[in-house]
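# Remarks on the overall topology
Single-letter residue listing:
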Amino acid sequence: MNPSQDEKERIGVYVCHCGSNIAGVVDVEDVAVWAGDKLADEGVVVSRDYKFMCSSLGQEMIEQDIAEQGLTRVVVAACSPHLHEKTFRGACARAGLNPYLSELVSIREQVSWVHTDKQKATAKAKAMIAGGVERVIEQEALEPLKVPIHPATLVVGGGIAGIQAALEIAESGSLVYLVEREPSIGGHMAQFDKTFPTLDCAACILTPKMVDAGSHPNIELYTWSEVERVDGSVGNFTVTIKKKPRYVNEELCTGCGICVEKCTRNVIDGEFEAGLGYRKAIYTPFPQAVPKYPVLDTENCTYFEKGKCKACQLLCPTGAIDFEQTEQYITVTVGNIILATGFDLFDARRVPQYGYGRLKNVFTSLEFERLSNAAGPTNGEIVLRDGVTKPESVGIIHCVGSRDRNYNNYCSVICCMQSLKFAHLVKERTGATVYNFYIDMRTAYKDYDEFYQHVMEEGTIFVRGRVAEVTDAARRSGEEDKLIIQVEDTLAGRQRRIPVDMVVLSAGLEPRRDAKQVAHTFGISCSANGWFIEKHPKLDPIATMTEGVYIAGCVQGPKDIPSSVAQGAAAAARVISRINKGEIELEPIRATVDAHKCSGCRICNDLCPFNAIVWHEDEMVTEINHALCQGCGTCVAACPAGAISGTGFSNEQVMSQIEGLLMFEQPVDLLAMAV
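Residues numbered from 1 in each chain as written. Predicted model: local features only at pLDDT ≥ 70, side-chain atom pairs only at ≥ 80, totals over all residues. Heavy atoms only, no water.

### As for the overall build of the protein
For the protein, the count of helices and strands is 18 helices and 34 strands. Projecting the C-alpha coordinates of the protein onto the three principal axes gives extents of approximately 90 × 70 × 45 Å. The 675 residues of the protein split such that 53% are buried. When the accessible area of the protein is evaluated, it comes to approximately 30,800 Å², of which 48% is carbon and sulfur surface. Separation between the mean location of the 66 positive side-chain charges and that of the 87 negative ones in the protein comes to 6 Å. (Helix = DSSP H or I, 4+ residues; strand = E, 2+ residues; numbered from the N terminus. Buried < 20%, exposed > 50% of the residue type's maximum accessible area, 1.4 Å probe, protein only. Areas by Shrake-Rupley, 256 points an atom, 1.4 Å probe, with all protein chains shown as cover. Lys, Arg positive; Asp, Glu negative; His and termini not counted. Charge placed at Lys NZ, Arg CZ, Asp CG, Glu CD.)

So, in structure tokens, the structure goes:
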């Protein structure tokens, strides 16, 4: 039990060495002795240091002191609360102390990692612990918020990560709504020929999963659809899905393909065939598409352009063509959401010196995937733009748009292995001389480096150096009618001009063009590069800061197929565990509005990054949705009437912490020491 207001709190202080992370800069033993001596009047009855406080022995030390010393408050000086606050709260709870009567002071991230002067760092650690002690005295016993979980799940994105997540959840017996904006599920993987490093047929791996997802009784598939709106919070999201008109009645269509066959309009396929092939104005993206129903392209349909034709409707044996179809809006309720909306390929036209779009035999990596695919526009024949000539020499340029300060600083993960796969396919199918131009070879995962060794043994020539230019301007004999790759060979230490027949640009991965808009719809955030931000990059890479919204695959950052599948399965496992529990416990650190003080100014309404603030027009007051609120405090700081308070961050707690920082016996210039 907690002592009465007249009794002094009994506080335990525990200072962690964190190996040498903290102890290498802070005199941890001195800090622990100081806290026990100088803060005794504030209620500190025990003060200890330990090598690894987060270990089982460190936690047992805290639990034992709570039981034997009758501690009513605990202060742990260690690492960031993001990392181990939950750990130490658990130790307190096991000992019978309310977990919210503990305080974690970050002397690793905020002291040892940002200072080199041991004396000043030790002084700052003491000041921060004093602030933590004063703050913990004002803390209140809290109880977690319990929220029931609706058993249905929304998966947005029908690529391999989304399909994997949907199937895992569906197999557990729960309903899944799988939403895909394209006419078919499958994503980018459906466009590939082989997958590295095993060279499995991409379609052979993917198609069975697509069929399973399309026919599973627990999966409701919405293709050619987009999520329009998301309301509610974890456990009870209300989602509005916009289903675009296919102009094909799915209940009547058998997928026979007669409408496609009889359509008189040929259109360049700039989506699935990457501009190398043609499709009809009414089409299915590829033969194995799921669902099998075609979609009508109104921008290129003769009927929608001129009001004539209707050949597809007249010749359809089941009367499935419906030119009067309109958008449909479907509302579903789900408990959790998984975002797996994938990536966009870097537009190689943005690197004009490589000549894509200007020099006819410069291809992108996606175009090469379609060239090498047996179901592609050339039936797997690797040829030049004339559709006939096989190249005798091919240059493959890595890192196009990646690892480049002019475009994207980050590595796109898949480019090296993708380029090695291309080199193998060119060798296998044409016998051409292949040059791979790379900055650094990154083949980090299982069997990847072995594949690299195999490609070297096949005779691929590797040139280390960033390509400066691809040109068709011949300057030497043998360069006529060739593409010349100008590059600094950093291993040879000289400039080289290498003539080739074909250039393949291994383009990097970028966030989807509408990633920020999608993030806003679902109440999550994007990084500076545009990828969705995870809750923790190491300990929780699938959750987001919005409870109930998870991410999988390349929405989090560039990754290969195995990693995307693993993350999709991991997100599904998290969702399944919540569904099985039936409810979840949320942090009680939330903002609350005092309706009597609220003036209805609505200043806070548009500031909440988690869309947790609701305005009641009839009562002219604001209310906080506790299931959405993350306790960031933005609304608390903005409210001019002081009507909003933050649990766990009351004025009394914050002011007490400041007083504790300032009570340190030596003058400490905290601002000067801060980084």
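### Brief notes about the domain arrangement of the protein
What the domain assignment lists for the protein is domain 1 (11–142), domain 2 (153–188 + 195–342 + 514–581), domain 3 (344–510) and domain 4 (591–647). Each of domain 3 and domain 4 has a C-alpha centre, and these two points are 55 Å apart. (Domains from an automatic or database assignment.)

### A closer look at the pattern of salt bridges
Any two side chains of opposite charge can pair, given that their charged atoms come close. The tally for this structure, following the rule as stated, stands at 37 salt bridges. A salt bridge links E273 to R370; the nearest nitrogen and oxygen atoms lie 2.9 Å apart. One end of the pair, E273, is in the loop between β13 (266–269) and β14 (277–280); the other, R370, is in helix α11 (residues 365–372), and 97 residues separate them in sequence. Accessibility assignment for this pair places E273 and R370 in one class, buried. Note that R350 is salt-bridged to E510, the shortest N-O span being 2.8 Å. Of this pair, R350 sits in the loop between β19 (343–345) and β20 (362–364) while E510 sits in strand β28 (residues 509–511), placing them 160 residues apart in sequence. With a relative accessible area of 14%, E510 lands in the buried category. When salt bridges that share partners are traced, they join E85, R89 and E587 into one network. (Salt bridge = Lys/Arg side-chain N within 4 Å of Asp/Glu carboxyl O.)

### What to know about unusual backbone geometry
Here the residue pair F196 and P197 is connected by a cis peptide bond, since its omega of 0° sits within 30 degrees of zero. Residue position: P197 is located in the loop between β8 (194–195) and β9 (200–201). A cis amide bond links V290 to the next residue, P291, at an omega of 5°. By secondary structure assignment, the location of P291 is in the loop between β15 (282–283) and β16 (295–296). Positive phi outside glycine occurs at W224, with the angle close to 55°. Assignment of secondary structure puts W224 in the loop between β10 (219–222) and β11 (225–233).

### Regarding the packing of helix α2 (residues 56–69) against helix α3 (residues 81–94)
Put simply, α2 and α3 touch, their axes get as near as 8 Å, and they point 35° apart. Note on packing geometry: the crossing formed by α2 with α3 is right-handed. Of the residues in α3, those in contact with Q59, I62, E63 and I66 of α2 are T87, F88, A91, C92 and R94. (Axes fitted to C-alpha atoms, helices over the stretch in contact; angles between N-to-C directions. Left-handed = near helix turned anticlockwise from the far one by under 90°. Contact = heavy atoms within 4.5 Å.)

### Looking at the pairing of strand β21 (residues 393–400)
Where burial is concerned, most of β21 is hidden: eight out of the eight residues are buried. The pairing of β21 with strand β22 (residues 433–438) spans five bridges and is classified as parallel. Paired with I397 across the strands is F437, a residue of β22. Two elements, β21 and strand β27 (residues 502–507), share five bridges in a ladder whose sense is parallel. Across the sheet, G395 pairs through a bridge with V503, a residue of β27. (Pairing = 2+ DSSP bridges.)

### A word on the nonpolar core
Core analysis: the biggest nonpolar cluster contains 66 residues, and L154, V239 and I337 have the highest contact counts within it. Discounting residues that sit within four places of it in the chain, I337 has contacts with L154, V156, V230, F237, V239, F522, G548, V549 and Y550. With 42 residues, the next largest nonpolar core counts C18, L39, I62 and V111 among its residues. (Core = buried A, V, L, I, M, F, W, Y, C linked by side-chain atoms within 4.5 Å.)

### As for the packing of aromatic side chains
Enumeration over the complete set of coordinates arrives at 14 aromatic pairs. Ring plane angle 85° and centroid distance 5.6 Å describe the contact between F196 and Y448, whose orientation is recorded as edge-to-face. On the criterion of sequence distance, the pair formed by F196 in the loop between β8 and β9 and Y448 in helix α13 (residues 448–457) is long-range, its members being 252 residues apart. Across this residue pair, the class does not change: F196 and Y448 are buried. Taking 4.4 Å as the distance between ring centres and 35° as the angle between the ring planes, the aromatic pair formed by Y303 and F323 counts as tilted. Placement of Y303 in helix α9 (residues 302–306) and of F323 in the loop between α10 (311–315) and β17 (328–334) is noted, with a sequence separation of 20 residues between them. Judged by its relative accessible area of 7%, F323 falls in the buried class. Its guanidinium or amino end placed over the ring of Y283, R279 lies 4.0 Å from that ring's centre, counting from NZ or CZ. (Phe/Tyr/Trp six-rings, centres within 6.5 Å; stacked < 30°, edge-to-face > 60°. Lys NZ or Arg CZ within 6 Å of the ring centre and 35° of its normal.)

### Notes on the sheet that holds strand β12 (residues 236–243)
The strand order β11-β12-β17 describes an open sheet built from three strands, whose pairing is antiparallel. Looking at which strands have only one partner, the edges of the open sheet turn out to be β11 and β17. The sheet shows a mean angle of 20° between the axes of neighbouring strands, direction not considered. Relative to β17, β12 runs antiparallel, the two sharing seven bridges. From the neighbouring strand, T240 faces β17, where its bridge partner is T331.

### Points about the environment of L145
Of note, L145 is situated in strand β5 (residues 145–148). L145 gets classed as partly exposed once you look at its relative accessible area, which sits at 28%. In sequence terms L145 and E583 are 438 residues apart; their C-alpha atoms lie 10.0 Å from each other. Leaving out residues up to four positions away in the same chain, L145 has contacts with I584, E585, L586, E587, P588, R590 and H626.

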